[in-house]
Amino acid sequence: MSFKSYDTWFKISILLLGFYIIIKVMPIYFPIILAMILAFILNPLVNYITSIRFGTKKRHIGRGISVICAFLILILFLLLVGTFVLLPFIHEFDKFIIDLPNLISKIQNIAIKIQQRAQLLDLPANINTFIEQAITSAASFSADLAKRILQAAFGFASSIVELVVVPVLAYYFLKDWSILKDKIVSLFTVESRERVRKIIEEMSLVISAYIRGQVIISIIIGIFVFSGMYLLGVDYPLVLGLLAACTESIPIIGPIVGSVPAIMLAYLISPTLAFKVIIFYILVQFIENQIVVPNIMGHTIDLHPVVIIISLLIGGQLWGIIGMMLAVPAAALLRVLIKQLWITNER
């Protein structure tokens, strides 16, 4: 076996070992990932504040103070959002929770009617069985929805202590990133340091562009959906807008998942309204794919749709919804590693 083959197998072993370590220590990664996301979002603002010159000697603000200023601006922004968005959302969400048993009852009644009509159509036995199973599953999911929401709320509350470290980690990521990067690079041999530095910088560019682009797209789609549901007269437009913004972080299937509750709520009012909501979501998806995403994200990820779908399936199987949200940026990072470790060597 040639030296090149040994080198390839060694790289594969390192990658597998890295994935194994990541899987084993996954519980501690949530606050770290949130801190990194926050750091990537605030980094352009920190760089801008640092670049400001003042005084006759054109002095600039230190990076540590710039980071603190960026956090203060973020807090001010969150206070404004809390006042004008969060408080109305909480009021609407409380109303949704109160109305939830009645909504579930209506959905179950519709499911029973669909089942009865399917039996009257004299469909083949296997199709009838499939419809009955689907309706039973949907009804069971609807009945368990309130319980899941409460469990998620308590789960989030129990994680508050862990989330306290997020701003602290984000502060050090923003302030000392260059130092941390140099420390990581220094762990490698002199011959490979330049390549390692290039890999880290390219990965940072990909992830920062993806996170900022995803945040902007989520906000735009959330506003679109809220406005559309409000104008169409669908109940709980703020809740549906926030749901659409959150599900945008899951490529391809996220918008579909976000549209289902809106269509169901519209159908409870009238089938015609449900049809209008379906058309609205199709238009939103078209605008997103043809205008919003190309102009904001460009070719940041540069992954084929097949790779994205496979990444989503793997992420969902390993870590559920969180795994699906992290699957695409993880695949993008893996693409950078493969390009730098394999393709560049072959050239």
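Heads up: the structure comes first, above all this text.
These figures come from a predicted structure and were not determined experimentally.

Draft legend 1. Region of interest: the overall build of the protein. When helices and strands are counted, the protein shows 12 helices and two strands. Helices and strands in the protein line up, N terminus first, as α-α-β-β-α-α-α-α-α-α-α-α-α-α. Taking all 347 residues of the protein together, 30% fall into the buried category. Accessible surface, the protein as shown: approximately 22,200 Å² in total, 72% of it carbon and sulfur.

Draft legend 2. Representation of the packing of aromatic side chains in the model. Under the counting rule described, the total for this entry stands at three aromatic pairs. For the ring pair Phe280 and Tyr281, a centre distance of 5.8 Å and an interplane angle of 85° mean the geometry is edge-to-face. Like Phe280, the residue Tyr281 is buried in the burial classification.

Draft legend 3. Examining the side chain of Ser218 more closely. On the secondary structure map, Ser218 appears in helix 8 (residues 190–232). Among the residues examined, Ser218 registers a relative accessible area of 10% and is labelled buried. Within polar-contact distance, the side chain of Ser218 engages the backbone oxygen of Gln214 at 2.8 Å. Every residue in contact with Ser218, bar those within four places of it in the chain, is listed here: Ala245, Glu248 and Ser249.

Draft legend 4. Seen up close, helix 9 (residues 237–247). Counted residue by residue, helix 9 has eight buried out of 11 residues, so it is predominantly covered. For helix 9, the full list of buried residues reads Pro237, Leu238, Val239, Leu240, Gly241, Ala244, Ala245 and Thr247.

Draft legend 5. A nonpolar patch on the surface, seen in detail. Taken together, the side chains of Ile252, Ile253, Val257, Ile309 and Leu313 present a nonpolar region at the surface, about 430 Å² in accessible area. Tracing the sequence through the fold places Ile309 in helix 12 (residues 305–346). Accessibility expressed as a relative area gives 41% for Ile309, which makes it partly exposed.

Draft legend 6. View of the pattern of salt bridges. As enumerated under the stated definition, the model contains five salt bridges in all. Note that Lys181 is salt-bridged to Glu201, the shortest N-O span being 3.6 Å. In this pair, Lys181 sits in helix 7 (residues 165–186) while Glu201 sits in helix 8, placing the two residues 20 residues apart along the sequence. Two residues, Lys339 and Glu202, come together in a salt bridge whose shortest N-O distance is 2.5 Å. Of this pair, Lys339 sits in helix 12 while Glu202 sits in helix 8, and the two are 137 residues apart along the sequence.

What counts, and at which threshold
Residues numbered from 1 in each chain as written. Predicted model: local features only at pLDDT ≥ 70, side-chain atom pairs only at ≥ 80, totals over all residues. Heavy atoms only, no water. Helix = DSSP H or I, 4+ residues; strand = E, 2+ residues; numbered from the N terminus. Buried < 20%, exposed > 50% of the residue type's maximum accessible area, 1.4 Å probe, protein only. Areas by Shrake-Rupley, 256 points an atom, 1.4 Å probe, with all protein chains shown as cover. Phe/Tyr/Trp six-rings, centres within 6.5 Å; stacked < 30°, edge-to-face > 60°. Polar contact = N/O pair within 3.5 Å; in protein donor to acceptor, adjacent residues only side chain to side chain. Contact = heavy atoms within 4.5 Å. Patch = residues over 30% accessible without salt bridge, like charges linked within 9 Å, V, L, I, M, F, W, Y side chains within 5 Å. Salt bridge = Lys/Arg side-chain N within 4 Å of Asp/Glu carboxyl O.

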